[in-house]
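Geometric and topological summary
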Amino acid sequence: MDEALTFDSSHSIAQVDALDVIGKRIDGGADLVIVAGSWVDGDLRSQRRLLAKLENYLGFIMSEEFSREFGPFEGTGVAVRVQFSNGAHDNIIQLLEQCLPQVEAMGIKLVWQRP
């Protein structure tokens, strides 16, 4: 793995290869939450870490493991939510906006609150 993407407890996105929060909803859907524990800088390293984490989440949603645990995701309302505990730089928001069409084309919602 690229050194810029390895575990870093001092970074707001500390572990890019871990799923932070997963919850099955009563309606049969699932919410998967990326938690940024502190302010997310707009630098290239932070953008790469967020993108890698999002890709890991999407890969998990497309996996057999997800299907076994949550059932097929088509039409069930699967969402990836990005939770910014202390806000994020505009570059990070722009990155999420750029990812939105591709994620939605997969049938997955991508949701975040503008800090």
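To keep things clear, this report deals only with the structure shown in the data block. (Residues numbered from 1 in each chain as written. Predicted model: local features only at pLDDT ≥ 70, side-chain atom pairs only at ≥ 80, totals over all residues. Heavy atoms only, no water.)

On inspection of all chains with the given rule, the structure shows 5 salt bridges. Residue K53 pairs with D20 through a salt bridge whose shortest N-O separation is 3.1 Å. Within this pair, whereas K53 is found in helix α1 (residues 44-61), its partner D20 is found in the segment before β1 (21-24), the two being separated by 33 residues in sequence. Overall, the relative accessible area of 1% leaves K53 in the buried class. A salt bridge links R81 to D31, with the shortest nitrogen-to-oxygen separation between them at 3.4 Å. Taken together, the positions of R81 in strand β3 (residues 78-84) and D31 in strand β2 (residues 30-36) put the pair 50 residues apart, joining distant regions of the chain. The exposure class of D31 is buried, given its relative accessible area of 15%. One network of salt bridges, with partners in common, ties together R25, D27, D31 and R81. (Salt bridge = Lys/Arg side-chain N within 4 Å of Asp/Glu carboxyl O. Helix = DSSP H or I, 4+ residues; strand = E, 2+ residues; numbered from the N terminus. Buried < 20%, exposed > 50% of the residue type's maximum accessible area, 1.4 Å probe, protein only.)

Now for the sheet that holds β3. Strand order in the open sheet formed by 4 strands is β1-β2-β3-β4, and the pairing between neighbours is mixed. With one partner strand each, in any of the chains shown, β1 and β4 (109-112) form the two edges of the open sheet. Between one strand and the next, the sheet's axes are offset by a mean angle of 20°, whatever the strand orientation. Bridge count for β1 against β2 is 4 bridges, and the pairing is antiparallel. Paired with G23 across the bridge in β2 is D31. Where α1 meets the sheet, its contacts fall on β1, β2, β3 and β4, and the angle it forms with β2 comes to roughly 160°. Contacts from helix α3 (residues 90-105) reach β3 and β4, with the element oriented near 160° to β4. (Pairing = 2+ DSSP bridges. Axes fitted to C-alpha atoms, helices over the stretch in contact; angles between N-to-C directions. Contact = heavy atoms within 4.5 Å.)

Here the focus is the environment of D31. In this structure the C-alpha to C-alpha distance between D31 and A79, which are 48 residues apart in sequence, comes to 4.9 Å. Sequence-distant contacts of D31, defined by excluding residues within four places in its chain, comprise V21, I22, G23, R25, A79 and R81. Within the local environment of D31, its side chain forms a polar contact with the side chain of R25, the two groups lying 2.8 Å apart. Here R81 takes part through its side chain, which lies 3.4 Å from a polar atom of the side chain of D31. (Polar contact = N/O pair within 3.5 Å; in protein donor to acceptor, adjacent residues only side chain to side chain.)

Distances and angles like these do not, on their own, reveal function.
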